[in-house]
Amino acid sequence: EEGRTYDAAGDVVAAFKNAATNIEHNYFAPYLAHATMEPINCTAVVRSDDSAEVWVGNQGPPLVRSTVAKASGVEPDNVVVHTPYLGGGFGRRAEMDVVMQAGQIANQMRDTPVQLIWSREEDIQHDQYRPMGSALMRAAFDSNGELQGFDAKVVGQSCMYNMVSRLMPGMESNLMKDRTTTEGVFDLPYVVPNRRVSQVLAEEPVPVGFWRSVGHSHHAFFAEAFIDECAEAAGKDPYQFRHALLSHAPRHQNVLALAANKAGWDSPSADGVGRGIALAESFGSIVAQVAEVELNDGEVHVRRVTCAVDCGFAINPDTVFAQIESGIIYGLTAALYGEITVKNGRVQQSNFPDYKMVHLAQAPVVEVHIIESGVEFLGGIGEPGTPPIAPAV
């Protein structure tokens, strides 16, 4: 299908028709669970005086209040919400399923506090998953090896539509474009004179929702992995190829250059060790990462990740370090192991033995370097560490 166009410039058809060289690659990413370390849980009490109180790690207190009110018949103004630390959120705790269940049970047992905890099996098999996605990426080059055309078509479900249909069904609509279905591709910082990015909306029964860095998490993998293929087709170094396409974007160039420099990009790597580089801008922050990777008896081992980040003004550097490190580990788990599969209507994975995490012993050394760009704008920091790691690896 043609799909919806999210970005267009120049004449893509002519660029490919007149190109000296064309390349084309397909990419795929599976469904992923959130697998928060603290199991899904909620504690609620509905009282005989038509008031209610709820304790739940959540990413939307107003939604918690309205959900408990709907579950119990209590007026929203009479619902008190306590929001403790999340124990891992990643988008999963913006969902209200466990809150609705706890509220309904507490309503049947008024004046009795009810603590509902999902088992890990329930958590893995009844998540609102990161969407499965696919992409067809094409590039056109002139006789000098210069990138003249870029055409990307991505396929997947809409997180926004799914989430709104669950939480605010009165606003359910597919008429509006959902930028999360193409973010990380339509907003690439590289200059290509002729480009087009489109999206084909897939309708699947598997429920999907926000997952750390949302669309950027897999679209950055599609796009940056393809930029590597473009560099190879042009006979150029992956770092130099990217740097040349960012002449209009000095902040992006600086981030990319710092990551490459700190990682020793121009120096020889150890025997059997490869280096990969990737750049991604998400949530107002620019992040570049260089991954050092080796194979141990056929197993991929990431030895070191060197990261540069420009989030505008870094108020608390320790928070930046912690969040970027966390985002790298979260994304690395997805890149190396993450996959949810469905057979005969059931999710096949159920717990950590068959939905693996990166363990401490497998974690790479991570170096984070902050660029104080002098920009007063404050970019996000909880999400942007995740997108570059999969394509870097």
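For the structure, see preceding data.
Since this is a predicted model, take the numbers as computed values, not measurements. (Residues numbered from 1 in each chain as written. Predicted model: local features only at pLDDT ≥ 70, side-chain atom pairs only at ≥ 80, totals over all residues. Heavy atoms only, no water.)

A. Structural context of the sheet that holds strand S12 (residues 299-310). If you walk across this open sheet you meet the 4 strands as S10-S11-S12-S15, and the pairing is mixed. Of all strands in the sheet, those with a lone pairing partner are strand S10 (273-282) and strand S15 (365-370), marking the two edges. Each adjacent strand pair in this sheet contributes to an overall mean axis angle of 20°, direction not counted. Two strands pair when backbone bridges link them, and strand S11 (residues 285-296) and S12 are joined in this way by 11 bridges, in the antiparallel orientation. (Pairing = 2+ DSSP bridges. Helix = DSSP H or I, 4+ residues; strand = E, 2+ residues; numbered from the N terminus. Axes fitted to C-alpha atoms, helices over the stretch in contact; angles between N-to-C directions.)

B. Here's a closer look at the side chain of Asn194. Summarising the element assignment, Asn194 is placed in strand S9 (residues 194-201). Residue Asn194 is classed as buried on the basis of its relative accessible area, which comes to 15%. Within polar-contact distance, the side chain of Asn194 engages the backbone nitrogen of Asp11 at 2.8 Å. For Asn194, the contacting residues outside a window of four places in its chain are Ala9, Gly10, Asp11, Val12, Ala15, Gln148, Gly149 and Phe150. (Buried < 20%, exposed > 50% of the residue type's maximum accessible area, 1.4 Å probe, protein only. Polar contact = N/O pair within 3.5 Å; in protein donor to acceptor, adjacent residues only side chain to side chain. Contact = heavy atoms within 4.5 Å.)

C. Spotlight on the pattern of salt bridges. Counting across every chain of the model gives 20 salt bridges. Two residues, Glu95 and Arg166, come together in a salt bridge whose shortest N-O distance is 2.7 Å. Taken together, the positions of Glu95 in the loop between strand S5 (79-82) and helix H3 (97-108) and Arg166 in helix H5 (residues 159-167) put the pair 71 residues apart, joining distant regions of the chain. For Glu95, a relative accessible area of 5% gives the class buried. Among the ionic contacts, a cluster of salt bridges with common partners joins Arg275, Glu292, Glu294, Arg303, Arg304 and Glu367. (Salt bridge = Lys/Arg side-chain N within 4 Å of Asp/Glu carboxyl O.)

D. Layout of the environment of Trp118. Summarising the element assignment, Trp118 is placed in the loop between strand S6 (114-117) and helix H4 (120-125). Owing to a relative accessible area of 9%, Trp118 belongs among the buried residues under this scheme. A C-alpha to C-alpha distance of 6.1 Å links Trp118 and Asn41, two positions 77 residues apart in sequence. Of note is the side chain of Trp118, whose polar atom sits 3.0 Å from the side chain of Gln101.

E. Quick look at a nonpolar patch on the surface. Residues Leu295, Val300 and Val393 make up a contiguous nonpolar surface patch of roughly 240 Å² in combined accessible area. Within the secondary structure, Leu295 sits in strand S11. (Patch = residues over 30% accessible without salt bridge, like charges linked within 9 Å, V, L, I, M, F, W, Y side chains within 5 Å. Areas by Shrake-Rupley, 256 points an atom, 1.4 Å probe, with all protein chains shown as cover.)

F. Structural detail: the packing of aromatic side chains. Inspection of every chain in the model, using the stated rule, returns 8 aromatic pairs. Directly above the aromatic system of Tyr6 lies the positively charged group of Lys177, at a separation of 5.1 Å from the ring centroid. (Phe/Tyr/Trp six-rings, centres within 6.5 Å; stacked < 30°, edge-to-face > 60°. Lys NZ or Arg CZ within 6 Å of the ring centre and 35° of its normal.)

G. Expanded view of the environment of Phe321. Within the secondary structure, Phe321 sits in helix H9 (residues 317-336). Other than its neighbours up to four places away in sequence, Phe321 contacts Val368 and Ile370.

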